[in-house]
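# Breakdown of the fold
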Amino acid sequence: MSGARIVEIEQQIGKLTAELSALRKNRLGTPVPNYTFATLTGQATLHDLFGGRDKLLAIHNMGQDCRYCTLWADGFNGLLAHLESALSVVLLSKDPPVVQRRFANARGWRFRLASHGGGAYMREQSVVEGQDNYPGAVVYQRQGDIILRRNACVFGPGDLYCSLWGLLGLAGLGEEDWTPQYSYGSCPETLEDGGSDVLA
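Heads up: these notes are all about the structure in this document. None of these values were measured; they are calculated from a predicted model.

In this section: the nonpolar core. Residues I59, W72, L91, W109, F111, F155 and W165 are the most contacted members of the largest nonpolar core, which totals 27 residues. Of all the secondary structure elements, the ones that give two or more residues to this core are strand 4 (55–60), helix 3 (67–84), strand 5 (88–93), helix 4 (97–107) and helix 6 (163–170). Here this core gets seven residues from one element, more than from any other, and that element is helix 3. The next biggest cluster of nonpolar side chains, apart from the first, holds 18 residues, and it includes F50, Y121, V138 and I147.

A word on the pattern of salt bridges. Within the structure shown, the criterion is met by three salt bridges. For E8, the salt bridge identified is with R5, shortest N-O distance 3.1 Å. On the criterion of helical spacing, the pair formed by E8 and R5 is a turn pair, its members being three residues apart in helix 1 (residues 3–25).

Tallied over the full model, the rule gives eleven aromatic pairs. Taking the centre distance of 5.0 Å and the plane angle of 65° together, the rings of F37 and Y121 count as edge-to-face. A residue pair is termed long-range when its members are at least 10 positions apart, and F37 in strand 2 (residues 36–39) and Y121 in helix 5 (residues 120–125) qualify at 84 residues. Exposure remark for Y121: the relative accessible area of 2% places this residue in the buried category. Ring centres of F155 and Y161 lie 5.9 Å apart, and the angle between their planes is 50°; this geometry places the pair in the tilted category.

How each quantity is defined
Residues numbered from 1 in each chain as written. Predicted model: local features only at pLDDT ≥ 70, side-chain atom pairs only at ≥ 80, totals over all residues. Heavy atoms only, no water. Core = buried A, V, L, I, M, F, W, Y, C linked by side-chain atoms within 4.5 Å. Buried < 20%, exposed > 50% of the residue type's maximum accessible area, 1.4 Å probe, protein only. Helix = DSSP H or I, 4+ residues; strand = E, 2+ residues; numbered from the N terminus. Salt bridge = Lys/Arg side-chain N within 4 Å of Asp/Glu carboxyl O. Phe/Tyr/Trp six-rings, centres within 6.5 Å; stacked < 30°, edge-to-face > 60°.

In structure tokens, the structure reads:
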């Protein structure tokens, strides 16, 4: 493929991304219940997770047993201060709060954490209909006591939300060539991400 064609495709992606952002900006959203979550300090409602702000980015993480979710969260952790200048951010997973915090501390994550425990929230607010533990993110907006689900996205190799894939692509590497690991030396005994190429 010629360099000119690569530039042309990059420009098309840029235009489509701008169009996508405009569509999302104008989306009104749909009302959702005020779900309850478990945290280290007790129960918290979805309303509580806004922390007094009007927008909330809820990162759907499959938990400590998924290498891919860990990769995405590692990247978001580096952007957290920038994100939190614009909206509230919380990382949600099915893991109990103590497990969440232990894993987050081991990775140096600074996220606020809450556990949906695999309950109603994840079944009803999943980023993929019919999937009760799928990675992605949802942005909610608060209007008084009403909470609106504005936009959602799915996380996966090659998406817009993990810059690593684009950088690997520059080297001609893709999902079939590379799999994230926890420490590039060890990993948990049980994995839920479907991958079998685990580094020992």
